[in-house]
Amino acid sequence: MPPFLFWFFALMTLGFGAGVIINRSPIGSALSLVLSFIGLSTLFLSLNAYFISVIQVLVYAGAVMVLFLFIIMLLDLRAEERRKINVVAFAGGAAVALALFVQVYRIIGALGAARQAFPPLRSGNTDDVRRVGLLLFANYNLPFQIVGVLVLVATIGVIVLSKRELR
Amino acid sequence: MLSEYLPVLLHIVVAIGFAVSALLVSVLLGKSGRTNRTKDTAYECGMVPQGEAQPRFSVKFYLVAMLFILFDLEIVFMYPWAVVYRETIGADKTILWSMLSFVSILMVGYVYALKKGALDWKN
Amino acid sequence: MDYFLIGTSLAKIAGLLAVVLGIMNYSVYAERRISALIQDRLGPNRVGPAGLLQPIADAFKFLLKEDFTPGHVNKFYYWLAPCLAMIPAIATLAVVPFGSTLFGVPMVIADINVGVLYVFAIASLGVYGIVLAGWSSNSKYPFLGGIRSSSQMISYELSLGLAVIPIFLVAGQLRLTSIVRFQIEHGWMIAPFIGDWTNIGKWLLAVPMLVSFLVFTIAIFAETNRLPFDLPEAETELVGGYHTEYGSMKFGLFFLGEYIAMITGSAIIVTLFLGGWHLPLPSWHGGFHWAVVNGSAPGWRGIIGGIFNIACFFAKVAALLFIFIWVRWSLPRFRYDQLMRLGWVFFFEIALVNIFVVAVIVAYISK
């Protein structure tokens, strides 16, 4: 990926990621989240992870759709936009964020691996969907089944939580 | 490999350009008429708008969206499975049974949803 | 930077967009004429010979109308929504192979290894346009239409995703050009009459493929909000659905976006199930066999071959569009509970069982 495209999409990811928090309207936040995910998926693309990149858009676009319905259904949008900024809470949040940033920066700076350049990506004709499939069904068969159980639990949870309207 | 994706980017940029320019041309060429108060009210078949503009709706729409994500995840796992199926099935049948068990686990949830009437919109 | 790649890509994008926009305009005209034929009316026949210039007049009307934004809407999202409805419809065309080669350049804008998933990913973004339109209009009918539509589209996306898996079980690739190549060698997915056509296993596979094809096609009907699945804009209950508060080109983008989505959907069906740009021609060079016409022949024969392939592709798309229109004027609309039941119970189960039928056939019978 040419550097200017990388910078463009990296800034897009971060910018819209910030937009999720900064936006006053929850709908704006949700849309920023989608755009941030799209930026992220192009970054995956630049790492030759095509499958993950396209799944990122496919699954999260659907997931954010749910968030959308949630916002429209449950939140009072006008009240959300009217809410004033609490200066003390804002300053506290900024301080915590800054502390976290400094911490992460120091830890990564202390690592030896962080000072070396990354090895170049193995180039060549890698069909990554095939590789994911081969690995998933050869080495990670049990985790795969456990994912199935997790999704099952989530399914039942969703139904139980909205049970009041159902039979 | 990555260069295969450059045309996709170009295509999306062209698509965005097309949509935006269509709107722009319409703004430039469109005649503007007189405005009045009734023109600015919501359309409700000629009646004066009643009540809330965005009524509450059934929780079922939300439920369907949640179930969609969960089953979408299942389908996503099926793509790599389908791609490698043909080349591995000759040597080892495990791949068929492993997917069958994965889907059976999820079908428990599906049957539960059906029995609970989560997918029944009649009432 | 590869300037040759960029140049040819831009040329292909421009060409494809011109053809698709042309088909879009004339499919609106065809819809009106065919519906008139079915209902024993005349249809538009005043502008130009047999009304053939009607689409151009319509386009100008869209552009010249007052560009009105009602006062009660949420302005930014109100303007964003039509764009979001149009862009995914066009963007999905990027991976569809619409011809073999022309002047040695492959006739597909981007030949990527996750082709089908790209289509689904971009198409799933199309829901946002509709929901945003419904929400930002701040009005009851659009709101209900938008909510209904989002539920319908995501429900049928499941059947759509499940119905294509048998193809990948057989072809072992997600790349759309590879699927077309597979069909050229082994016969079309639903009619494997070329290649080793005496192989019983192949014909056995064609049966679940036909089921897949039907489920996929019907799900595409639902995804593009066409009758009998046009509940989001059911005019007897919801006026115009999510675009009730829209006018001029903003409405035009919704309206035309729907037609482009129809064309894209047909193009995907053709590519996955009906052999893509391939049309077998009978040939008698030392006995009967099926000849493959493509753009690889030297000189003018290659150019004619390439153009022939592109024509084949769009002819198949046009045939499917005709079916879209025909169905619209033949079937009544579903009720909402029937629609959801059909998607979640009937198609979902059929598509899922179908996958394992194909898997077992591939594993035990057809080597």
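When you look at the overall build of chain B in this model, what are you seeing that I'm missing?
Along its length, chain B carries three helices and zero strands. Secondary structure elements of chain B occur, N-terminal to C-terminal, as α-α-α. Projecting the C-alpha coordinates of chain B onto the three principal axes gives extents of approximately 75 × 50 × 15 Å. Residues classed as buried in chain B amount to 36% of the 123 residues present.

Just to check I follow, could you spell out the interface of chain B and chain C for this structure?
The accessible area lost on association of the parts is a frequent measure of interface size. Chain B puts 57 residues into the contact, and the matching count from chain C is 61 residues. If you list the elements that add at least two residues to the side of chain B that touches chain C, you get α1 (6-29), α2 (59-89) and α3 (94-116) of chain B. Of all the elements, α1(B) adds the most residues to the side of chain B that touches chain C, at 18 residues. Taken together, the residues of the side of chain B that touches chain C break down into 40 nonpolar, eight polar and nine charged.

Please explain the environment of C:Val119 as it appears in this structure.
Residues and elements named next belong to chain C. With respect to the helices, strands and loops of the structure, valine 119 is situated in helix α4 (residues 115-136). A residue is classified by how many C-beta atoms lie within 10 Å of it, and valine 119, with 28 of them, is buried. Measuring from C-alpha to C-alpha, the distance between valine 119 and valine 96 comes to 8.9 Å, with 23 residues separating the pair along the chain. Residues within four places of valine 119 in sequence aside, it is in contact with Thr92, Val95 and Ile268.

Got a minute to help me understand unusual backbone geometry in this structure?
Most peptide bonds take the trans configuration, and most residues that are not glycine carry a negative phi. Residues and elements named next belong to chain C. Positive phi, normally seen in glycine, also occurs at aspartate 40, with a value near 60°. Positionally, aspartate 40 belongs in the loop between α1 (3-38) and α2 (54-64). Phi at asparagine 138 takes a positive value of approximately 55°, unusual for a residue other than glycine. The topology assignment puts asparagine 138 in the loop between α4 and α5 (140-163).

Mind showing me how you'd approach the interface of chain B and chain A here?
Facing 38 residues of chain B, the contacting portion of chain A comprises 38 residues. Those elements that place two or more of their residues in the side of chain B that touches chain A are α2 and α3 of chain B. Of the residues in the side of chain B that touches chain A, the class split is 29 nonpolar, five polar and four charged.

What is the right way to look at the nonpolar core in this model?
Core analysis: the largest hydrophobic core is formed by 186 residues, its most contacted members being A:Val54, B:Leu67, C:Leu117, C:Phe168, C:Ala219 and C:Ile263. Per-element accounting of this core gives the leading share, 19 residues, to α2(B).

Hey, could you run me through helix α7 (residues 176-186) of chain C in this one?
Residue pairs three or four apart in sequence face the same way in an α-helix, which turns once every 3.6 residues. Residue and element names in this part refer to chain C. Within α7 the residues assigned to the buried category are Leu176, Thr177, Ile179, Val180, Phe182, Gln183 and Ile184. For α7, the elements touching its buried residues are α4, α6 (165-171) and α10 (248-273). Just downstream of α7 lies glycine 187, where phi reads positive at about 95°.

How should I be thinking about the packing of α1(B) against α2(C) in this particular structure?
The description of two packed helices rests on the angle between their axes and on the distance between the axes. Where α1(B) meets α2(C), the closest approach of the two axes is 7 Å, and the angle between their N-to-C directions is 70°. When the axes of α1(B) and α2(C) are compared, the pair comes out roughly perpendicular. Within the contact between the two elements, α1(B) uses B:Val25, B:Ser26 and B:Leu29 and α2(C) uses C:Phe62, C:Leu63 and C:Leu64. For the contact of α1(B) with α2(C), the residue count by class is five nonpolar, one polar and no charged.

Got a minute to help me understand the domain arrangement of chain B in this structure?
Domain boundaries in chain B define domain 1 (2-32) and domain 2 (59-116). Of note, the centres of domain 1 of chain B and domain 2 of chain B, computed from C-alpha atoms alone, are 38 Å apart.

Is there a simple way to think about the packing of helix α8 (residues 200-223) of chain C against α10(C) in this case?
Residue and element names in this part refer to chain C. Contact geometry of α8 with α10 gives a least axis separation of 10 Å together with a crossing angle of 170°. As far as their axial angle goes, α10 and α8 are roughly antiparallel. At the point where α8 passes α10, the crossing takes the right-handed sense. Residues Phe213, Phe216, Thr217, Ile220 and Glu223 of α8 touch α10, and the partners they reach there are Gly265, Ile269 and Phe273. The class makeup of the residues in the contact of α8 with α10 is five nonpolar, two polar and one charged.

I'm lost on the confidence of the model for chain A in this one. Help?
Keep in mind that low pLDDT regions are not for reading the predicted coordinates in detail. On average, residues of chain A score 82 in pLDDT, and 87% of them reach the 70 mark or higher. The lowest-confidence element of chain A is helix α4 (residues 77-82) of chain A, averaging 65 in pLDDT; the highest-confidence one is helix α5 (residues 87-110) of chain A, averaging 90.

It is not clear to me how the environment of A:Tyr140 should be interpreted in this structure. Could you clarify?
For A:Tyr140, the location among the structural elements is in the loop between α6 (128-138) and α7 (141-161). Taking the C-alpha atoms as reference, A:Tyr140 lies 31 Å from A:Gln116; in sequence the two are 24 residues apart.

Is there a simple way to think about the confidence of the model for chain B in this case?
Residues and elements named next belong to chain B. Summing up the model confidence of chain B, the mean pLDDT is 83 and the portion of residues at 70 or higher is 98%. Mean pLDDT across the elements of chain B ranges from a minimum in α2, with 86, to a maximum in α3, with 89. Note on the complex model: pTM 0.89, ipTM 0.87.

In this structure, what is going on with the environment of C:Asn45? I would like to understand it.
All names here are of chain C. Positionally, asparagine 45 belongs in the loop between α1 and α2. By C-beta crowding, asparagine 45 is classed as partly exposed, having 14 other C-beta atoms within 10 Å. Between the C-alpha atoms of asparagine 45 and arginine 33, which are 12 residues apart in sequence, the distance is 8.6 Å. Setting aside residues no more than four positions away along its own chain, asparagine 45 makes contact with Ala50 and Gly51.

About the criteria used
- Residues numbered from 1 in each chain as written.
- Chains lettered and ligands numbered in written order.
- Predicted model: local features only at pLDDT ≥ 70, side-chain atom pairs only at ≥ 80, totals over all residues.
- Helix = DSSP H or I, 4+ residues; strand = E, 2+ residues; numbered from the N terminus.
- Buried ≥ 20, exposed ≤ 12 C-beta atoms within 10 Å, placed from the backbone.
- Contact = placed C-beta atoms within 7 Å.
- Nonpolar A, V, L, I, M, F, W, Y, C, P; charged D, E, K, R; others polar.
- Core = buried A, V, L, I, M, F, W, Y, C linked by C-beta atoms within 7 Å.
- Axes fitted to C-alpha atoms, helices over the stretch in contact; angles between N-to-C directions.
- Parallel < 35°, antiparallel > 145°, perpendicular 65-115°, else oblique.
- Domains from an automatic or database assignment.
- Left-handed = near helix turned anticlockwise from the far one by under 90°.
- pLDDT = per-residue confidence, 0-100.

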